[in-house]
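Chain residues, written in single-letter form:
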Amino acid sequence: MKILVTAFEPFGSNALNSSQEVATLLPDAIGECVVVRELLPVDFRTVGNQLRSLIERHTPDVVLMLGQSRKFAGLSIERVALNLMDATNPDNSGYIPVNEVIHSDGATAHLTTFPVRELSEACHQKGIAAQISNSAGTYVCNRVYYEALYTIAKNRLPIQALFVHLPFIPEQGKMPSIAKEDLAEGIVTIMTKTLSLPWHTIDNLNASNT
Ligand code: PCA
């Protein structure tokens, strides 16, 4: 088994990105499972291609994408990616898409095949704040999440993909924040739970998500 973990570089007024900081704390392996970490640009127009080349290069079984969001003081386990880019703030290349479709031949939305409720409950059992979120927004995180789920569906790849948003960490001086060690423990909990899932029935598990 191999998990590809992606995190994002800082963007906007942020000197740090909590996802990048947390990714550096993750282990290189969990049991027999190799964990590969990569950093993505906050760039609407290149991030999709970059993700696809990372998938081609690493051929992972699981793609776990991390990003920063101020919306919740805990892990937001994202269920949905929308076929939409709509921003008020520019990405790191200065681009601001308005009401743009990501892939004109794509579904309006894709849902993760992960059992999101089981993952959030696994976090709660460890005392880690986590919620299921039904919108990853319309900025670059949603853009890369949609690319992953669209590419997997279109090419029928044997890959599962999930996006998790993380809050600020105290080093960023913004609120709410959670220690990066605690957030990393949450991500390890999600990865460990993921590895214990009956992969041959994951599509059935997905049906119980809704
Ligand atoms: N968060 C942004 C993009 C990069 C990141 O870490 C988002 O939520 O779209």
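Residues numbered from 1 in each chain as written. Predicted model: local features only at pLDDT ≥ 70, side-chain atom pairs only at ≥ 80, totals over all residues. Heavy atoms only, no water.

S.K.: What is the right way to look at the sheet that holds strand β2 (residues 29-30) in this model?
M.R.: Across a sheet, strands are paired by hydrogen bonds formed along the backbone, either parallel or antiparallel in direction. In space, the 7 strands of this open sheet follow the order β2-β3-β1-β4-β9-β5-β8, with mixed pairing throughout. Of all the strands in the sheet, just β2 and β8 (130-133) have a single pairing partner and so form its edges. Direction of pairing for β2 relative to strand β3 (residues 33-40): antiparallel, over a ladder of 2 bridges. Within β3, the residue paired with Ala-29 across the bridge is Val-34. Its contacts with the sheet place helix α3 (residues 116-125) against β5 (75-78), β8 and β9 (160-166), and it is angled at close to 165° to β8. In the packing of helix α4 (residues 140-154) onto the sheet, contacts are made with β1 (2-8), β3, β4 (62-68), β5 and β9, and the angle to β9 comes to roughly 170°. (Pairing = 2+ DSSP bridges. Helix = DSSP H or I, 4+ residues; strand = E, 2+ residues; numbered from the N terminus. Contact = heavy atoms within 4.5 Å. Axes fitted to C-alpha atoms, helices over the stretch in contact; angles between N-to-C directions.)

S.K.: Even after reading the chapter, I still don't get α4, so can you show me in this structure?
M.R.: Two residues of an α-helix separated by three or four positions point the same way, owing to the 3.6 residues in each turn. Relative to the 21 Å expected for 15 residues at 1.5 Å per residue, α4 spans 21 Å between its end C-alpha atoms, a close match to the ideal helical length. One or two residues past the end of α4 sits Arg-156, with phi positive at roughly 50°. (Expected span 1.5 Å × (residues − 1).)

S.K.: Would you explain the side chain of Glu-147 in this entry?
M.R.: One can find Glu-147 in helix α4. Within the structure, Glu-147 has its side chain in polar contact with the side chain of Arg-52 (distance 2.6 Å). Not counting the four nearest positions on each side in its chain, Glu-147 is found in contact with Gly-48, Leu-51, Arg-52, Ile-102 and His-103. (Polar contact = N/O pair within 3.5 Å; in protein donor to acceptor, adjacent residues only side chain to side chain.)

S.K.: Before we go on, may I ask you to explain the site of the ligand in this structure?
M.R.: Surrounding the ligand, one finds Phe-8, Phe-11, Asn-17, Val-42, Gly-67, Gln-68, Tyr-139, Val-140, Cys-141 and His-165. Between the ligand and the protein, one listed contact pairs an oxygen atom with a side-chain N or O atom of Asn-17 at 2.9 Å. Between the ligand and Cys-141 there is a distance of 2.9 Å, counted from an oxygen atom to a backbone nitrogen or oxygen. Within the complex, 93% of the 260 Å² of free accessible area of the ligand lies under protein. Broken down by secondary-structure element, the contributors of at least two residues to the shell around the ligand are β4 and α4. Of the residues assigned to the shell around the ligand, the class counts are 6 nonpolar, 4 polar and no charged. (Near = heavy atom within 4 Å. Areas by Shrake-Rupley, 256 points an atom, 1.4 Å probe, with all protein chains shown as cover. Nonpolar A, V, L, I, M, F, W, Y, C, P; charged D, E, K, R; others polar.)

S.K.: Would you mind showing me how to read the packing of aromatic side chains here?
M.R.: Summed over the entire model, instances satisfying the criterion amount to 5 aromatic pairs. Ring geometry for Phe-44 and Tyr-95: centres 6.4 Å apart, planes at 75°, overall edge-to-face. Separated by 51 residues along the polypeptide, Phe-44 in the loop between β3 and α2 (47-58) and Tyr-95 in the loop between β6 (80-82) and β7 (109-111) bring together distant segments of the chain. Of note, Arg-45 hangs over the ring of Tyr-95, and the distance from its end group to the ring centre comes to 4.2 Å. (Phe/Tyr/Trp six-rings, centres within 6.5 Å; stacked < 30°, edge-to-face > 60°. Lys NZ or Arg CZ within 6 Å of the ring centre and 35° of its normal.)

S.K.: What is the right way to read unusual backbone geometry from this model?
M.R.: Among all residues save glycine, negative phi is the norm, and among peptide bonds the norm is trans. For the bond running from Met-175 to Pro-176, omega is -10°, close enough to zero to count as cis. Within the element layout of this structure, Pro-176 appears in the loop between β9 and α5 (180-195). A positive phi angle, near 40°, is found at Thr-59, a position not held by glycine. Within the secondary structure, Thr-59 sits in the loop between α2 and β4. Phi is positive for Asn-99, close to 50°, though the residue is something other than glycine. Judged by relative accessible area, Asn-99 falls into the exposed class, the value being 59%. (Buried < 20%, exposed > 50% of the residue type's maximum accessible area, 1.4 Å probe, protein only.)

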